[in-house]
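Observations on the model geometry
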Amino acid sequence: MRVLILALSLTCCGVAHAITPRDLLKTYESKSGKASVSKGEQFFNAKHGKEWSCASCHENPPNHETKHIVTGKVIKPLSPNTDPTRFTDEAKADKWFKRNCNDVLGRECTAQEKADVLVWLLSIK
């Protein structure tokens, strides 16, 4: 009974639940269109009018630890196949997309851009 009460209280209090990267991809695709692996890779590696690309900090392929280009802070592998904790929390993923897209694009990424990058990341071993 106590377990049931605890489970219900966690559910009704807005505690985030884990998702899979594929679930998140479906969410982005539902707001845009079918994701493209090749467009995701191209987007990740390109500069978009600003000084950095995604690869400036995450490198290519982003399947190993790197360091932030300015702060030197260690960045865990971005590929969900290398780091299974990546893209398992929608709020966290949206926070980092917002921050990093602003650094790279000077604006937020569209749902299509997020979908393309995520499907490419899912293809990396």
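What describes two packed helices is the angle between their axes and the distance between those same axes. It is at 7 Å that the axes of helix H3 (residues 37-45) and helix H6 (residues 111-123) come closest, and there the two elements cross at 100°. When the axes of H3 and H6 are compared, the pair comes out roughly perpendicular. From H3, Val-37, Lys-39, Gly-40, Glu-41, Phe-43 and Phe-44 reach across to H6, where they touch Glu-113, Asp-116, Val-117, Val-119, Trp-120 and Ser-123. For the contact of H3 with H6, the per-class residue count stands at six nonpolar, two polar and four charged.

On to the packing of aromatic side chains. Under the defined criterion, the tally for this structure stands at three aromatic pairs. Taking the centre distance of 5.9 Å and the plane angle of 80° together, the rings of Tyr-28 and Phe-97 count as edge-to-face. A residue pair is termed long-range when its members are at least 10 positions apart, and Tyr-28 in helix H2 (residues 21-31) and Phe-97 in helix H5 (residues 90-105) qualify at 69 residues. With a centroid separation of 4.8 Å and an interplanar angle of 45°, the aromatic rings of Phe-44 and Trp-120 are classed as tilted. With a gap of 76 residues between them, Phe-44 in helix H3 and Trp-120 in helix H6 connect regions that are remote in the sequence. Given a relative accessible area of 1%, Phe-44 falls into the buried group. Looking at Trp-120, the relative accessible area reads 4%, which means it is buried. Every member of this aromatic cluster is reached through a ring pair, and the members are Tyr-28, Phe-87 and Phe-97.

A few words now on the packing of H2 against H5. Put simply, H2 and H5 touch, their axes get as near as 11 Å, and they point 60° apart. Considered as vectors, H2 and H5 are oriented oblique to each other. Every pair of crossing elements has a handedness; the one defined by H2 and H5 is right-handed. Contacts from Leu-24, Thr-27 and Tyr-28 of H2 reach H5 at Glu-90, Ala-93, Asp-94 and Phe-97. Along the lines of polarity and charge, the residues of the contact of H2 with H5 split into four nonpolar, one polar and two charged.

Here the structure, examined in full by the defined rule, presents two salt bridges. Arg-107 serves as the salt-bridge partner of Glu-113, at 2.8 Å between the closest nitrogen and oxygen. For Glu-113, a relative accessible area of 15% gives the class buried.

The pLDDT averaged across the protein works out to 89; a share of 86% of its residues lies at or above 70. In the predicted structure, residues 3-15 sits below a pLDDT of 50 and forms one contact with residues beyond four places in sequence or in another chain.

What sets the pattern is the α-helix's 3.6 residues per turn: residues three or four places apart point alike. Here H5 contains 16 residues, and its C-alpha end-to-end distance of 21 Å stays within 8% of the 22 Å for a straight helix at 1.5 Å per residue. Those residues of H5 that fall on the buried side of the exposure criterion are Ala-93, Phe-97, Cys-101, Val-104 and Leu-105. Each buried residue of H5 lies within a common arc of 65° when the element is viewed along its axis, so the set occupies one face. Of the exposed residues in H5, those oriented more than 90 degrees away from the buried face are Ala-91 and Lys-92. Packed against the buried residues of H5 are H2, H3, helix H4 (54-58) and H6. Between the side-chain oxygen of the N-cap and the backbone nitrogen of Ala-91 there are 3.0 Å, and the N-cap of H5 in question is Asp-89.

About the cut-offs
- Numbers given to residues run from 1 along each chain, matching the order in which its sequence is written.
- Since the coordinates come from a predicted model, pLDDT governs what is reported: local features require at least 70, and pairs of side-chain atoms require 80 or more to be given and counted, while whole-chain, interface and lining totals use all residues.
- Remark: hydrogens and water are excluded; side-chain values derive from all non-hydrogen atoms of the structure.
- Orientation is described by axes fitted as lines to C-alpha atoms, over the contacting stretch for helices, and by angles from 0 to 180 degrees between their N-to-C directions.
- Under the DSSP-based scheme used, a helix requires at least four consecutive residues in state H or I and a strand at least two consecutive residues in state E, with every element numbered from the N terminus.
- When an angle is under 35 degrees it counts as roughly parallel; over 145 it counts as roughly antiparallel; between 65 and 115 it counts as roughly perpendicular; any other value is oblique.
- Contacts: residue pairs with any heavy atoms within 4.5 Å of one another.
- All residues other than Ala, Val, Leu, Ile, Met, Phe, Trp, Tyr, Cys, Pro, Asp, Glu, Lys and Arg, Gly among them, are scored as polar; the first ten of these are nonpolar and the last four charged.
- Between the rings of Phe, Tyr and Trp (Trp by its six-membered ring), a pair exists once the centres lie within 6.5 Å; its type follows the angle of the planes, with under 30 degrees stacked, over 60 edge-to-face, and the other angles tilted.
- We call a residue buried when its accessible area falls under 20% of the maximum for its residue type, exposed when it is over 50%, and partly exposed in between, using a 1.4 Å probe and counting protein chains only.
- Each crossing gets its handedness from the near helix: less than a right angle anticlockwise from the far helix is left-handed, clockwise is right-handed.
- Salt bridge criterion: a side-chain nitrogen from Lys or Arg within 4 Å of a carboxyl oxygen from Asp or Glu.
- pLDDT measures the predictor's confidence residue by residue and takes values from 0 up to 100.
- A helix's residues, less one, multiplied by 1.5 Å, set its expected span.
- What the arc measures is the spread of directions leading from the helix axis to the C-beta atoms.
- Any N or O atom pair separated by 3.5 Å or less is treated as a polar contact, with the protein-specific requirement of one donor-capable and one acceptor-capable atom, and with residues adjacent in sequence counted only for side-chain atom pairs.

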